[in-house]
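# Coordinates in review
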Amino acid sequence: IKASSWFLRLYTDLGEPYATEDPAASHLADNEMIEEPQHPLWDVGIALGTDGNRYVPTRYLNPGCFEDLFLQHQIEEGADATSKSTLLKVWNERWQKHLKFRNIGQGKRCGVCARLDEERLQATSQEERLAVGERKLEHVNMVMADREVSVRSNMMAERDAKCWSPDGVDQTVKITIDGMDQAKFKVPRNTKSTAEFESLWRPSLHVCGAICHGHLEAYFIMSSDIPKDANMNCTVIARVLDLVKEKLGVSTTPQNLVVAADNTCRESKNQTFVNYNAYLITGKKFLTTEVQYQTTGHTHNEQDQRFSTVATSLSRAPVLEDPEEFAAWIRSHVQPVRGRVLHVEVLEATYDFQKWFHALGVQIKGLAATHTEPDTNHVWRFLPRAMMAGVSD
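Residues numbered from 1 in each chain as written. Predicted model: local features only at pLDDT ≥ 70, side-chain atom pairs only at ≥ 80, totals over all residues. Heavy atoms only, no water.

## As for the overall build of the protein
Helices and strands together make up the secondary structure of the protein, namely eleven helices and 14 strands. Reported as C-alpha extents along the three principal axes, the dimensions of the protein are approximately 65 × 60 × 45 Å. Here the protein holds 393 residues, and the buried ones make up 47% of them. Of the roughly 20,100 Å² that the protein leaves accessible, carbon and sulfur atoms contribute 52%. One way to put it: in the protein the 44 positive side-chain charges average out to a point 1 Å from where the 53 negative ones average out. (Helix = DSSP H or I, 4+ residues; strand = E, 2+ residues; numbered from the N terminus. Buried < 20%, exposed > 50% of the residue type's maximum accessible area, 1.4 Å probe, protein only. Areas by Shrake-Rupley, 256 points an atom, 1.4 Å probe, with all protein chains shown as cover. Lys, Arg positive; Asp, Glu negative; His and termini not counted. Charge placed at Lys NZ, Arg CZ, Asp CG, Glu CD.)

## Examining the state of the cysteines
With the rule as written, the count across this model stands at zero disulfides. Left unpaired, C65 is separated from the closest cysteine sulfur, that of C113, by 13 Å. Judged by relative accessible area, which is 32%, C65 ranks as partly exposed. A disulfide-free cysteine, C265 has its sulfur positioned 15 Å from the sulfur of C234, the nearest such atom. Residue classification places C265 among the partly exposed residues on the basis of a relative accessible area of 44%. (Disulfide = S-S within 2.5 Å.)

## Brief notes about empty space enclosed by the protein
One pass over the structure, following the stated rule, counts two cavities of 30 Å³ or more. Considered as a void within the structure, the largest cavity measures approximately 210 Å³ in volume. Lining the largest cavity are 18 residues, and of these L14, L61, N62, Q72 and K136 lie nearest its centre. Of all the secondary structure elements, the ones that give two or more residues to the lining of the largest cavity are β4 (59–61), α2 (66–77), α4 (111–122) and α5 (126–162). Per element, the largest residue contribution to the lining of the largest cavity is three residues, and it comes from α2. By volume, the second largest cavity is sized at about 90 Å³. Around the second largest cavity, the lining residues are D68, L71, Q72, I75, L116, D117, R120, V132, G133, K136 and L137. For the lining of the second largest cavity, the residue count by class is five nonpolar, two polar and four charged. (1 Å grid on protein atoms, 1.4 Å probe; cavity = no way out; pocket = protein on both sides within 12 Å on 5 of 7 lines; lining within 4 Å. Points joined across faces, edges and corners; volume = space filled by probe spheres on them. Nonpolar A, V, L, I, M, F, W, Y, C, P; charged D, E, K, R; others polar.)

By themselves, these are just geometric observations and shouldn't be taken as functional.
If you want it as structure tokens, here you go:
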């Protein structure tokens, strides 16, 4: 029981969803069947297909092996740790197929994990291995804390979407935003002429995906000359919020906005994005806003799964010659999940928020990591000064 409880925590708080096919389309390749009702994941399993069995999505850990898990278990549980043989037995019988290690080629590996794993391999004594394990545990706990914050806000947003309040009091809307790999969007695309195209330069469209949890998932397609920067992020977020209001037929939004953004200075960790969130508060669009960043190297999320579905669908398209054809194909061949509505739009331009905010002259330090200040906040929160206890205007 102790071992299964520990693995359940890893699955929930550390395991990452990975790019998979769409379960709604009966692709079960990355959903494993639960074979016994006593399994800790039985209650979260769902029925897929017609066999009546329950399945749960496979989640992934950074590249490693069982020895890494056992060392982590020893350090975390201390005197309450189970024996290596017991942990291995539970791993093989119940968890190995639900919680897998990523291969080296499956996405970028966390640099901190890679460095600490190498130090552990080079250690010459058990004391040195335990010391490295302590540092690895500190890093893992930070990753799990980030994941807990993200999952909690996902659940809050989906709950509030089902029980919508017209005034938006004490309700949350969350948007997960990220850019898709441009290699999938080279134009023109013609499967019969692939060899002829290999020697030619073809522009890559920019595609920004946004999941508004509980409401919709949107894909915005832009030409290659539109920069992927904070202006794009702010424009997409503003558009998604308008779409949610149109979908609900209301004039107000929830009081609280949460944005899960990519951990990059070009698109979100910059002055423009800070000013945009501050504007949403001072402009009384929201009572509070929050921006969440996952730890670098541990950033796979729901958006990556949906991107995989889109990429798989596009790979079957025989000919796509312009942004409108890409958009039309996605509309007709991609099915949203979790009751969300699909929206696909071609953006001809983005608003110049950077120029708009430049006149304010606001500069905030510590937004991104530097050589002198490597540690930065993983969550930004914006709220009126009046809401802060003990702080006067």
